[in-house]
Amino acid sequence: DTIWNLLSRTVTLIIKYMNGQPLQNIELTWAAQELFTNIKTISDSVALSTETYHFRDWVQSAVESFKLINWYIAQAAPRETAKSNPDQAAYDLSVVAHAIVHAASILAPYLPETSRQLITLFTWSDNLIEWSQIWDISKTPTLAQFTEKPAYLFTKIPDEAIEGELEKLGKM
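Quick caveat: nothing in here was measured; it's all calculated off a predicted structure. (Residues numbered from 1 in each chain as written. Predicted model: local features only at pLDDT ≥ 70, side-chain atom pairs only at ≥ 80, totals over all residues. Heavy atoms only, no water.)

What to know about a nonpolar patch on the surface
Phase 1 of the analysis: On the surface, a cluster of nonpolar side chains totalling about 410 Å² of accessible area is made up of Y53, F55, Y110 and L111.
Phase 2 of the analysis: For L111, the location among the structural elements is in the loop between helix 5 (86-107) and helix 6 (112-122). (Patch = residues over 30% accessible without salt bridge, like charges linked within 9 Å, V, L, I, M, F, W, Y side chains within 5 Å. Areas by Shrake-Rupley, 256 points an atom, 1.4 Å probe, with all protein chains shown as cover. Salt bridge = Lys/Arg side-chain N within 4 Å of Asp/Glu carboxyl O. Helix = DSSP H or I, 4+ residues; strand = E, 2+ residues; numbered from the N terminus.)

In structure tokens form, the structure reads like this:
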């Protein structure tokens, strides 16, 4: 939910306030640079978790990168800013779009299809950002123009199906 809600909100706002086209080349403010520095720190944590086979820690760290982006967009409040300062709102939404592409690359080791879905949604490419360059916003591929809200990333599994599988596991 965290990831899809972020995607949905970001794309919806980019369509509404930027005619679907995020800014490509942006200079980072201190706050935006801090966001990318934190994403780099998370990518380092993910790399360590992967090397030491701490997969639960990896998942928690990967999701944390999207929570940071959620925090950034909540602080920037582009929906409110768009009324008084549309250029600032466009900047903030573009930072978020770039950050999502970078955070998606963190998902790649264990959720490669989801990672590629995210990157393809936000760019015209499915190329991952190299691990050593995950903090560098200039490495973001060209951002796509959005025309519609994204589809769900994951299908919802009905509770009955989960319960049925748990019962099967209990009988083993």
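Points about unusual backbone geometry
Phase 1 of the analysis: In this model, N19 sits at a positive phi of 55 degrees, which is unusual for a non-glycine residue.
Phase 2 of the analysis: Position of N19 relative to the elements: it lies in the loop between helix 1 (2-18) and helix 2 (30-51).
Phase 3 of the analysis: Classification of N19 as exposed rests on a relative accessible area of 67%.
Phase 4 of the analysis: One non-glycine residue, A77, lies in the positive phi region at around 45 degrees.
Phase 5 of the analysis: When you line up the elements, A77 lands in the loop between helix 3 (55-76) and helix 4 (78-84). (Buried < 20%, exposed > 50% of the residue type's maximum accessible area, 1.4 Å probe, protein only.)

So, the pattern of salt bridges
Phase 1 of the analysis: This structure, assessed with the given rule, holds one salt bridge.
Phase 2 of the analysis: Close ionic contact of K40 with D44 constitutes a salt bridge, the shortest N to O distance being 2.6 Å. In this pair, K40 and D44 are both assigned in helix 2, four residues apart and thus about one turn of the helix distant.
Phase 3 of the analysis: Residue K40 is classed as partly exposed on the basis of its relative accessible area, which comes to 23%.
Phase 4 of the analysis: On the basis of relative accessible area, D44 is assigned to the partly exposed category, the value being 38%.

So, helix 6
Phase 1 of the analysis: Among all positions in helix 6, only T114, S115, L118, I119 and F122 are buried. Across the axial projection of helix 6, the buried residues extend over an arc of 130 degrees, all falling on one side.
Phase 2 of the analysis: Elements in contact with the buried residues of helix 6: helix 1, helix 3 and helix 5. (Arc of directions from axis to C-beta. Contact = heavy atoms within 4.5 Å.)

Some thoughts on helix 3
Phase 1 of the analysis: Compared with an ideal rise of 1.5 Å per residue, which puts 22 residues at 32 Å, helix 3 spans 32 Å between its outermost C-alpha atoms and is within 8% of the ideal.
Phase 2 of the analysis: Here helix 3 has its buried residues at W58, S61, A62, S65, F66, L68, I69, N70, Y72, I73 and A76.
Phase 3 of the analysis: Just downstream of helix 3, A77 is the residue with a positive phi angle, here 45 degrees. (Expected span 1.5 Å × (residues − 1).)

Regarding a positive patch on the surface
Phase 1 of the analysis: Positive charge collects at one region of the surface, where R9, K16, R79 and K83 lie side by side.
Phase 2 of the analysis: If you list the elements that add at least two residues to the positive patch, you get helix 1 and helix 4.
Phase 3 of the analysis: Inspection of the secondary structure assignment puts R9 in helix 1. (Lys, Arg positive; Asp, Glu negative; His and termini not counted. Charge placed at Lys NZ, Arg CZ, Asp CG, Glu CD.)

Geometric descriptors of this kind do not, in isolation, establish any biological role.
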